[in-house]
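Each chain is listed here by its residues.
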Amino acid sequence: MLDPNPQNGQKKLLYVFGAMLAIGVLIGIIASVASPS
């Protein structure tokens, strides 16, 4: 399971993690804006 090229794997993981985080933040903002106060 260990990647022979750790830098590439870490970069890919970082991109996936960053994308998931950004999507989560966007969903949170949209939900807070869309929900009536």
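Keep in mind it's a predicted model, so treat the numbers as computed, not measured.

**Side note on the overall build of the protein chain**
And step 1. On a plain count of helices and strands, the protein chain comes out with 1 helix and 0 strands.
And step 2. Residue burial in the protein chain is summarised as follows: out of 37 residues, 0% are buried.
And step 3. Of the roughly 3700 Å² that the protein chain leaves accessible, carbon and sulfur atoms contribute 74%.

**With respect to the UniProt feature "transmembrane region" (unreviewed entry) in the protein chain**
And step 1. In this structure's numbering, the residues bearing the UniProt feature "transmembrane region" (unreviewed entry) are residues 12–34.
And step 2. The span residues 12–34 is 100% helical and 0% strand by assignment, and the distance between its end C-alpha atoms comes to 33 Å.

**So, the environment of S35**
And step 1. With respect to the helices and strands, S35 occurs in the segment after helix 1 (6–34).
And step 2. A relative accessible area of 39% means that S35 is categorised as partly exposed.
And step 3. A distance of 3.4 Å separates the side chain of S35 from the backbone oxygen of S32, its partner in a polar contact.

**Comments concerning a nonpolar patch on the surface**
And step 1. A contiguous nonpolar patch, built from V25, I29 and V33 and spanning about 290 Å² of accessible area, is present on the exposed surface.
And step 2. Within the element layout of this structure, V25 appears in helix 1.

What counts, and where the lines are drawn
Residues numbered from 1 in each chain as written. Predicted model: local features only at pLDDT ≥ 70, side-chain atom pairs only at ≥ 80, totals over all residues. Heavy atoms only, no water. Helix = DSSP H or I, 4+ residues; strand = E, 2+ residues; numbered from the N terminus. Buried < 20%, exposed > 50% of the residue type's maximum accessible area, 1.4 Å probe, protein only. Areas by Shrake-Rupley, 256 points an atom, 1.4 Å probe, with all protein chains shown as cover. UniProt positions renumbered as here; feature names shortened; annotations may be inferred. Polar contact = N/O pair within 3.5 Å; in protein donor to acceptor, adjacent residues only side chain to side chain. Patch = residues over 30% accessible without salt bridge, like charges linked within 9 Å, V, L, I, M, F, W, Y side chains within 5 Å. Salt bridge = Lys/Arg side-chain N within 4 Å of Asp/Glu carboxyl O.

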